[in-house]
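# Notes for the structure review
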Amino acid sequence: MPPDTTATDDPASDTRQPHQHRPRHPHLARMRSLWRMKSYLRPYTTRMTVIWVTSFAGIGIGIAIPLVSGAIVDGPVARGDTGALLPLALLALALGVIEALLVLVRRWLLADAVLGVETAIRDDLYRHLQRLPMSFHGAWQSGQLLSRVTTDLSVIRRFLGFGMLFLVLITVQIAVVTVLLFQLYWPLGLLVTASAVPIVITSMRFERGYIAISRQVQDEQGDLATVVEESAGGIRTIKAFGRGGHVFSAFDGGARKVYRSSMEKVGLSARFFTFLEVVPNVTLAVVLLLGALAVGAQSLSLGDLVAFTTLMLQLVWPISSLGYILAMGQEAMTAADRVAEVLGTEPDIVGGPGAVERPRGHLRFEGVEFRFPGAAEPVLRDVWLEVRPGETVAVVGATGSGKTTLTSLVPRLHDVTAGRVTIDGHDVRELSLPALRSMVATAFEEPTLFSMSVRENLTLGRPDAGEEEIEAAVEVAQAGFVHRLPWGLETRIGEQGMSLSGGQRQRLALARAVLSRPNILVLDDTLSALDVETEALVEEALRHVLREATGIVVAHRASTVLLADRVALLLDGTIAHVGRHHELMATVPEYRALLSADLDDDPGGPKSGFDGDADGDIDGDIDGDIDDGLDDLDTEGVLR
Ligand SMILES: Nc1ncnc2c1ncn2[C@@H]1O[C@H](COP(=O)(O)OP(=O)(O)OP(=O)(O)O)[C@@H](O)[C@H]1O
């Protein structure tokens, strides 16, 4: 990822996407990112208005109290008029109580609004992440996304809720109090204003340093989250290889980085806030001294000096928190910028307006090329393949030859970079994504199960599936083991749930794909983790399902190839041969080399119908079956 434009020149700490341009005015860009967030406050307009009104009223009352105190000193106290003292004292008390009530109302209203805003942004961000294509998720570290959805949003919430309000209130309070100080006694007013100058200059310098260091801390926290996430996901591999120590060192390195940067951040703040504490206190001492002299010289009344010092003390908190709130604003701008990097990434895979009226699942790859972003060479080039409704084609190729990539082009997990993929004559890019993805179901080799019940996992693609349909899909996938789980279909599995074996997970994924009743069923080496016996049973049941759907089966094993009517051989990124298994075995040495190793090694050869004379068996048993249903199909699927 490219360098952060503000934080560091160290490419290792980059978190932006390679294609993201760097803004010419990063500060403005950050402000704009934060400004964009204001739209989330819109539903709370009335509430925010009440909050602002109560806040200003609170400030007004806060400023009035010292003036009443001054009046008490110069009036009843100076004259010894105890009768007049009581009403003024009661007035000061009433003002104090009202101010406290206003703060209570403001806090209560504010908390609700800002938590609502945070939830709305978080929902939008999550929704957007779901829309972003595989290429985005492949390029971004998951920890960086996680920290944006959690930490950064909390930072934005804190600023939108409290920081922004207090920034305005404090500015107004400082302005009004300064005017009053000048009115009470302008020479001391001038002194107080002069004392603010070093504060403002230091604040500005602090702000610059703080932006850089807070972005660095936020990025490093994201990196650390990635390490935690990866090691949690890969705990089995880590344990098996005894790499706990190594992973810990990587984590420790990341944690120390966060520690060092956080300490730097704290050090910077500590120096700044100490400075902010010292200046007002020194000023107060000087004001008291000069004020006492002025009272002695009768150019200032005692009451005015009381009012002046009380008012001046009211400035200490706003001025010292001004820096903090500005820093909070900077942090929020950085966070908004990081969130905007995600929200501003337009999904490059968006659905078209179309839908297929009565889908039959006629699939064609027409001159398809696919190149991963930034890759020098395409993975697939000039791919022509036709899979007719009800037909099943096995895609065979060496490992890394692009089989998974080819199948991922059908549901548009990736988009072709040239040529087109069509279903029933419609370019898949013209179809709406829900329409397309309801037609195509994929069972992956490495199935993902979510931390929910077996039933919820199974019905992911068909939430309305009935009991009988679920049972039928479970049967096809030979996944009857689910009934023996402690709570049957209601057993919670996946992360934090019941652990399943690789084969059990694959069978559930297969049942999930079958249950969604797709027009096109993609099996991406889905049966690789099954034992030979179970595989044979699954395949037998799958044959019935595949008769009603168009199938693409990525196959490494000869036994899986036999599920298909025809085989497409992927060589050098293109479909080099299409034909029946025995034809390719007989005529294509590369195909023979790929599959005969499997036939020789297959310990279950005899069980699955293979033995030394594999060809003979295949021809006799399986091809006979296939031929029955496929007489009308052209065996040459290559369209050229
Ligand atoms: N996100 C990616 N970015 C860049 N290259 C990728 C990406 N994913 C896969 N590749 C590359 O594309 C090529 C094809 O990968 P693919 O997963 O389609 O192969 P495959 O034939 O399915 O392999 P296998 O049989 O091992 O599952 C590989 O060389 C792989 O390194």
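What comes next is a walk through the structure. (Residues numbered from 1 in each chain as written. Predicted model: local features only at pLDDT ≥ 70, side-chain atom pairs only at ≥ 80, totals over all residues. Heavy atoms only, no water.)

### Side note on the overall build of the protein chain
Secondary structure assignment for the protein chain yields 19 helices and 10 strands. The buried share of the protein chain, taken over its 640 residues, is 49%. Taking contacts inside the protein chain between residues at least 6 apart in sequence as the whole, the part at least 24 apart equals 76%. For the protein chain, the exposed surface amounts to about 30600 Å²; the carbon and sulfur share of it is 60%. (Helix = DSSP H or I, 4+ residues; strand = E, 2+ residues; numbered from the N terminus. Buried < 20%, exposed > 50% of the residue type's maximum accessible area, 1.4 Å probe, protein only. Contact = heavy atoms within 4.5 Å. Areas by Shrake-Rupley, 256 points an atom, 1.4 Å probe, with all protein chains shown as cover.)

### As for the sheet that holds strand S5 (residues 426-427)
Pairing in this open sheet of four strands is antiparallel, and the strands run S2-S1-S4-S5 from one edge to the other. The sheet is open, and its two borders are formed by strand S2 (380-387) and S5, each paired with just one other strand. Relative to S5, strand S4 (residues 418-423) runs antiparallel, the two being bridged by two bridges. Following the sheet pairing, Thr-422 is matched in S5 by Asp-427. (Pairing = 2+ DSSP bridges.)

### Here's the deal with the packing of helix H2 (residues 45-79) against helix H3 (residues 82-131)
Taken N-terminus to C-terminus, the directions of H2 and H3 make an angle of 160°; their axes are 8 Å apart at the nearest point. Put simply, H2 runs roughly antiparallel to H3. Viewed along their axes, H2 and H3 form a crossing whose handedness is left-handed. (Axes fitted to C-alpha atoms, helices over the stretch in contact; angles between N-to-C directions. Parallel < 35°, antiparallel > 145°, perpendicular 65-115°, else oblique. Left-handed = near helix turned anticlockwise from the far one by under 90°.)

### Structural notes on the site of the ligand
Taken together, Phe-372, Val-379, Ala-398, Thr-399, Gly-400, Ser-401, Gly-402, Lys-403, Thr-404, Thr-405 and His-556 make up the full set of residues near the ligand. Measuring from an oxygen atom of the ligand, one finds a side-chain N or O atom of His-556 at 3.0 Å. Burial of the ligand by the surrounding chains reaches 55%, relative to a free accessible area of 640 Å². Looking at the shell around the ligand residue by residue, the classes come out as three nonpolar, seven polar and one charged. (Near = heavy atom within 4 Å. Polar contact = N/O pair within 3.5 Å; in protein donor to acceptor, adjacent residues only side chain to side chain. Nonpolar A, V, L, I, M, F, W, Y, C, P; charged D, E, K, R; others polar.)

### Overview of helix H14 (residues 502-515)
The terminal C-alpha atoms of H14, which comprises 14 residues, lie 20 Å apart, in line with the 20 Å expected from a rise of 1.5 Å per residue. The set of residues buried in H14 consists of Gly-503, Gln-506, Arg-507, Leu-508, Ala-509, Leu-510, Ala-511, Arg-512, Ala-513, Val-514 and Leu-515. Turning to H14, the residues buried within the fold contact strand S6 (440-443), helix H12 (454-458), helix H13 (467-476), strand S7 (520-524) and helix H15 (532-548). Phi turns positive, to about 45°, at Arg-517, one or two residues after H14. (Expected span 1.5 Å × (residues − 1).)

### A look at the pattern of salt bridges
Here the structure, examined in full by the defined rule, presents 22 salt bridges. Close ionic contact of Arg-256 with Asp-252 constitutes a salt bridge, the shortest N to O distance being 2.9 Å. Taken as a pair, Arg-256 and Asp-252 lie in helix H8 (residues 244-296) at a separation of four residues, close to a single helical turn. Taking relative accessible area as the criterion, Asp-252 reaches 23% and is therefore assigned partly exposed. Between Asp-415 and Arg-412 there is a salt bridge whose closest N-O contact spans 2.6 Å. Note on accessibility: Asp-415 and Arg-412 belong to one class, buried. (Salt bridge = Lys/Arg side-chain N within 4 Å of Asp/Glu carboxyl O.)

### Things to note about the nonpolar core
Core analysis: the largest hydrophobic core is formed by 66 residues, its most contacted members being Met-37, Ile-156, Leu-181, Phe-308 and Val-342. Of all the elements in the fold, those that place two or more residues in this core are H2, H3, helix H5 (142-184), helix H6 (186-233), H8 and helix H9 (302-343). Per element, the largest residue contribution to this core is 17 residues, and it comes from H9. For Leu-181, the residues in contact, after removing those within four places along its chain, are Trp-186, Gly-189, Val-192, Phe-308, Leu-311, Met-312 and Leu-315. Grouped together as the second largest cluster of nonpolar side chains are 35 residues, Ala-441, Ala-473, Phe-481 and Leu-546 included. (Core = buried A, V, L, I, M, F, W, Y, C linked by side-chain atoms within 4.5 Å.)

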